[in-house]
Amino acid sequence: MNRNINKKIYEKKCPICEKITMVEQDGQGDCLNCGWYINSFGEENEDRVIFPNLLSFNKAKKLYKEGKILKPDLSDFLDGFMFYGEMEFWYNGLNCILTSTENSEEEIEFGWSPDSITYFANKEDFINNAKIGNEYVRDIWDKVDDPKYM
């Protein structure tokens, strides 16, 4: 019998919303109710933002319990960047990209075109100084679309 291991074949309770969803043979998969990606690595590191989720396990549980959407704030997004090294989001039609640099694991390259690239020493420097035009990213974060890993 030739089975596709990516086929959703098992029922599992989502650890965030506690609804039953279908997961892959290895127990991983997307919860269709809350959007959490179920995997044991994220649960074992409950206070860290770990790919593919953009929130820590504990924060996701808290937000869901409060009836809030599971969307990362800027700090969560940057924690995901520190874990993964490449992130993106959209703002006013601009595809904004963050990548790590060869200089440092903490240094952030940020831009949306070859003419807009800016470098930041670390997460705190980005939060304090990153701008799109005349607007600080921290001030417009609630207006960005589709923050995600690249």
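These notes cover the structure that comes with them. Only a predicted model underlies this, so the values are computations on that prediction, with no experimental measurement involved.

## Details of the overall build of the protein
Here comes step 1: Tallying secondary structure elements over the protein gives five helices and eleven strands in all.
Here comes step 2: Expressed along its principal axes, the backbone C-alpha trace of the protein runs to roughly 55 × 40 × 30 Å.
Here comes step 3: Considering only residue pairs separated by 6 or more positions, the protein has 34% of its internal contacts joining residues 24 or more positions apart.
Here comes step 4: For the protein, the exposed area adds up to about 9000 Å²; of that, 45% sits on carbon and sulfur atoms.

## Re unusual backbone geometry
Here comes step 1: A cis amide bond links phenylalanine 51 with the next residue in sequence, proline 52, at an omega value of 5°.
Here comes step 2: Along the chain, the position of proline 52 falls in the loop between α1 (40–44) and α2 (57–65).
Here comes step 3: Not every positive phi belongs to a glycine, and asparagine 92 is a case in point at roughly 50°.
Here comes step 4: Examined against the element boundaries, asparagine 92 turns out to sit in the loop between β5 (86–91) and β6 (94–100).
Here comes step 5: For aspartate 146, which is not a glycine, the phi torsion comes out positive at approximately 50°.
Here comes step 6: Within the fold, aspartate 146 resides in strand β11 (residues 145–149).
Here comes step 7: Classification of aspartate 146 as partly exposed rests on a relative accessible area of 41%.

## Comments concerning the state of the cysteines
Here comes step 1: Evaluated as defined, the whole model comprises zero disulfides.
Here comes step 2: Cysteine cysteine 31 shares no disulfide, and the gap to the nearest cysteine sulfur, in cysteine 17, comes to 3.5 Å.
Here comes step 3: On the accessibility criterion, cysteine 31 (3% relative accessible area) is buried.
Here comes step 4: In this model cysteine 34 remains outside any disulfide bridge; the closest cysteine sulfur is found in cysteine 14, 3.7 Å from its own.

## Concerning helix α3 (residues 74–84)
Here comes step 1: Along α3, the residues that are buried comprise Leu74, Asp76, Phe77, Leu78, Gly80 and Phe81.
Here comes step 2: Of the residues that open α3, the one with a side-chain oxygen 3.1 Å from the backbone nitrogen of serine 75 is aspartate 73.
Here comes step 3: Just downstream of α3 lies glycine 85, where phi reads positive at about 95°.

## Details of the packing of aromatic side chains
Here comes step 1: For the coordinates displayed, the defined rule picks out twelve aromatic pairs.
Here comes step 2: Both rings, one in tyrosine 84 and one in tyrosine 149, keep their centres 5.0 Å apart while their planes meet at 70°; by these two values the pair is edge-to-face. Note that tyrosine 84 is positioned in helix α3 and tyrosine 149 in strand β11, a separation of 65 residues in sequence.
Here comes step 3: On the accessibility criterion, tyrosine 84 (34% relative accessible area) is partly exposed.
Here comes step 4: Both rings, one in phenylalanine 110 and one in phenylalanine 120, keep their centres 6.5 Å apart while their planes meet at 55°; by these two values the pair is tilted. On the criterion of sequence distance, the pair formed by phenylalanine 110 in strand β7 (residues 108–111) and phenylalanine 120 in strand β8 (residues 118–120) is long-range, its members being ten residues apart.
Here comes step 5: Judged by its relative accessible area of 5%, phenylalanine 120 is buried.
Here comes step 6: Over the aromatic face of tyrosine 136 sits the side chain of lysine 131, whose NZ or CZ is 4.7 Å from the ring centroid.
Here comes step 7: Sitting over the ring of tyrosine 136, arginine 138 keeps its end group 3.9 Å from the ring centre.

The rules behind each value
- Residues numbered from 1 in each chain as written.
- Predicted model: local features only at pLDDT ≥ 70, side-chain atom pairs only at ≥ 80, totals over all residues.
- Heavy atoms only, no water.
- Helix = DSSP H or I, 4+ residues; strand = E, 2+ residues; numbered from the N terminus.
- Contact = heavy atoms within 4.5 Å.
- Areas by Shrake-Rupley, 256 points an atom, 1.4 Å probe, with all protein chains shown as cover.
- Buried < 20%, exposed > 50% of the residue type's maximum accessible area, 1.4 Å probe, protein only.
- Disulfide = S-S within 2.5 Å.
- Polar contact = N/O pair within 3.5 Å; in protein donor to acceptor, adjacent residues only side chain to side chain.
- Phe/Tyr/Trp six-rings, centres within 6.5 Å; stacked < 30°, edge-to-face > 60°.
- Lys NZ or Arg CZ within 6 Å of the ring centre and 35° of its normal.

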